[in-house]
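Chain and residue survey
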Amino acid sequence: MISRDKAPTAQETFMQMAQAAGLRGRLLVTVGILILVRLGIFLPVPGIDRPRFAEAISGSNSIFGLLDIFSGRGLSTLGVFALGILPFINASIIIQLLTAAIPTLENLQKNEGEAGRRKISQITRYVTVIWAILQSTAFSALFLQQFALNPGPIFVAETAIALTAGSMFVMWASELITERGIGNGASLLIFVNIVASLPKALGDTIDLVQVGGRETVGRVIVLILVFLATIVGIVVVQEGMRRIPIISARRQVGRRVLAEQRSYLPLRLNQGGVMPIIFAAAILSLPLLIANFTKNSDLANIVNTYLSPSGSSSWVYALVYMVSIIFFSYFYSSLILNPVDVAQNLKKMGSSIPGIRPGKATSEYIERVSNRLTFLGAIFLGFVAIIPTAVESALNVKTFQGIGATSLLILVGVAIETAKQVQTYVISQRYEGMVK
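Residues numbered from 1 in each chain as written. Predicted model: local features only at pLDDT ≥ 70, side-chain atom pairs only at ≥ 80, totals over all residues. Heavy atoms only, no water.

A few words on the overall build of the protein chain. The number of helices and strands found in the protein chain is 17 helices and 5 strands. Across the 436 residues of the protein chain, 45% fall into the buried class. Put simply, of all contacts in the protein chain between residues at least 6 apart along the chain, 76% involve residues at least 24 apart. For the protein chain, the exposed surface amounts to about 22,300 Å²; the carbon and sulfur share of it is 64%. (Helix = DSSP H or I, 4+ residues; strand = E, 2+ residues; numbered from the N terminus. Buried < 20%, exposed > 50% of the residue type's maximum accessible area, 1.4 Å probe, protein only. Contact = heavy atoms within 4.5 Å. Areas by Shrake-Rupley, 256 points an atom, 1.4 Å probe, with all protein chains shown as cover.)

All right, on to helix 15 (residues 339-348) then. When we look at burial in helix 15, the residues that qualify are P339, V342, A343 and L346. The buried residues of helix 15 occupy one face: seen down the axis, they fall within an arc of 100 degrees. Note on helix 15: the residue one or two positions beyond its end, G350, has a positive phi of about 75 degrees. (Arc of directions from axis to C-beta.)

What follows is about the nonpolar core. Counting residues in each nonpolar core, the largest one holds 60 residues, and the members touching the most others are I85, I89, F279 and Y321. It is helix 17 (residues 405-435) that contributes the most residues to this core, 10 residues altogether. Here F279 is in contact with I89, S92, I93, Q96, F328 and Y332, once residues within four sequence places are set aside. By size, the runner-up hydrophobic cluster in this structure holds 15 residues, among which are I48, L78, F139 and F147. (Core = buried A, V, L, I, M, F, W, Y, C linked by side-chain atoms within 4.5 Å.)

Enumeration according to the criterion identifies 2 salt bridges in this entry. Between R52 and D49 there is a salt bridge, with its nearest N and O atoms 3.4 Å apart. Look at R52 and you get partly exposed, because its relative accessible area is 37%. (Salt bridge = Lys/Arg side-chain N within 4 Å of Asp/Glu carboxyl O.)

This next bit is on helix 8 (residues 113-142). Relative to the 44 Å expected for 30 residues at 1.5 Å per residue, helix 8 spans 43 Å between its end C-alpha atoms, a close match to the ideal helical length. Of the residues making up helix 8, those classed as buried are G116, I120, T124, V127, T128, A132, Q135, S136, F139 and S140. (Expected span 1.5 Å × (residues − 1).)

In this fold, S92 is placed in helix 6 (residues 86-101). Sequence-distant contacts of S92, defined by excluding residues within four places in its chain, comprise T124 and F279.

The next thing to look at is the sheet that holds strand 1 (residues 241-248). In space, the 3 strands of this open sheet follow the order 4-1-5, with antiparallel pairing throughout. Each edge of the open sheet is held by one strand with a lone partner, namely strand 4 (261-268) and strand 5 (351-352). Relative to strand 4, strand 1 runs antiparallel, the two sharing 8 bridges. Residue pairing in the sheet places I247 in a bridge with R262 of strand 4. (Pairing = 2+ DSSP bridges.)

At their nearest, the axes of helix 6 and helix 8 sit 8 Å apart, and the two run at 125 degrees to each other. When the axis of helix 6 is compared with that of helix 8, the two are oblique. In this structure, the crossing between helix 6 and helix 8 has a hand that is right-handed. Residues P87, F88, N90, A91, S92, I94 and I95 of helix 6 lie in contact with helix 8, whose contacting residues are I120, I123, T124, V127, T128, W131, A132 and Q135. Grouping the constituent residues of the contact of helix 6 with helix 8 by class yields 10 nonpolar, 5 polar and no charged. (Axes fitted to C-alpha atoms, helices over the stretch in contact; angles between N-to-C directions. Parallel < 35°, antiparallel > 145°, perpendicular 65-115°, else oblique. Left-handed = near helix turned anticlockwise from the far one by under 90°. Nonpolar A, V, L, I, M, F, W, Y, C, P; charged D, E, K, R; others polar.)

Turning our eyes to something else, we now look at the environment of Q238. Along the chain, the position of Q238 falls in helix 11 (residues 214-239). As a C-alpha pair, Q238 and V412 span 174 residues in sequence and 8.8 Å in three-dimensional space.

All right, on to the confidence of the model for the protein chain then. Within the protein chain, residue pLDDT values average 77, and 80% of them lie at 70 or more. Mean pLDDT across the secondary structure elements of the protein chain bottoms out at helix 1 (residues 10-19), with 57, and peaks at helix 9 (residues 153-180), with 91. Here residues 1-5 is modelled with pLDDT under 50, and outside its nearest four sequence neighbours on either side it reaches 12 contacts, counting other chains as well. (pLDDT = per-residue confidence, 0-100.)

Further remarks concern the pairing of strand 1. Note that strand 1 and strand 5 share 2 bridges and pair antiparallel. Considered in strand 5, the bridge of S248 is made with S351.

Okay, the packing of helix 6 against helix 7 (residues 103-111) next. One can describe the packing of helix 6 onto helix 7 by two numbers: an axis separation of 6 Å at closest approach and a directional angle of 100 degrees. The orientation of helix 6 with respect to helix 7, classified from their angle, is roughly perpendicular. Contacts from L98, T99 and A101 of helix 6 reach helix 7 at P103, L105, E106 and Q109. The class makeup of the residues in the contact of helix 6 with helix 7 is 4 nonpolar, 2 polar and 1 charged.

Time to look at the packing of aromatic side chains. What the rule picks out here adds up to 4 aromatic pairs. Measuring from centroid to centroid gives 5.2 Å for F327 and F328, while their planes differ by 70 degrees, and the two rings are edge-to-face. F327 sits in the partly exposed class, given a relative accessible area of 43%. Using a relative accessible area of 4% as the deciding quantity, one classes F328 as buried. (Phe/Tyr/Trp six-rings, centres within 6.5 Å; stacked < 30°, edge-to-face > 60°.)

Take T124: it is sitting in helix 8. Residue classification places T124 among the buried residues on the basis of a relative accessible area of 7%.

Following this line, the structure appears as structure tokens:
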């Protein structure tokens, strides 16, 4: 249920941010860690023939794509933090899928409270280490070794250790932002990495306009308008919710009789926020990465044809992307909202939904409404993710390739979530001041 207190305006938020020492400390910690992680992108992995590597990957956006964007161009610059937060994201996908399939993990998630969540977080860290070792070893042996100054097992081992250590540091930094900063550590790291890629894309677009003439200017303007419409759609999806009315029965506490109270239960149109998009993009990037590492021409042709937004059968990519977004939207919704628990809590508090019997009928009603909202939100997210990329290909403006709808979804979603997190701290500071 939602508090009826009015949220602070933007001006009030900034004023209280300046006055609240605790919030200032969290912001400084967050900014400092983000700068530190960005600097790590430019610490070079040793033993690489960089001119030959740069020549080989020039114009290979279709190979690196979103992976390079998520790592803040760490893959293309071959920094120590080249893998970035990707192993942690992949490990989170694995653990959350296993949570729904393994009763022990499900029990930790739902019934063990904070202790259970800490255990799951610890398991996720172990899986991240294993995944980072596998990913860095494969990346070093199957791809980087051809550009090594001294190729061999020693090069593969040294490079894998460096990349794994960098990934572990980034994971630690994201958890530090979540605990001691303003929250959403992993999402904020991806946000900063995408923002860091914007200047290059804007510079390439300006160069394209200067060379292409009026026709190119018109295509770029159309693409920008589509991006702006996409941002509006993202905000609508992120902020949309269904308010289910709740009535609290009249109660007597001592000699006082508490009157009947009315409030509402908010169900968001998109319960999972930005994470379904991140997970869907990570899943779709795996076949491309495998094809690149194995150097299998047949597999590479299949992947580039059917699982690439610029392929000849890009409708297959769009369909798979849409299905992945819908799946992860439902999956995240099931993790965040448990209709049975909500119905039981309402019954314990003496509250009910008008016209719905307490107990099982209430849980079925909430589940039915949640499923409809999740479906609508997932379909809308899917179209928002696909349409700008299709328009980009149709207009033949490739300067924003990789920073398309998926990146916009992440940017806007993380910005909204972070703003809400800051507002939460501001409201808590306000109440603490009132109590004192």
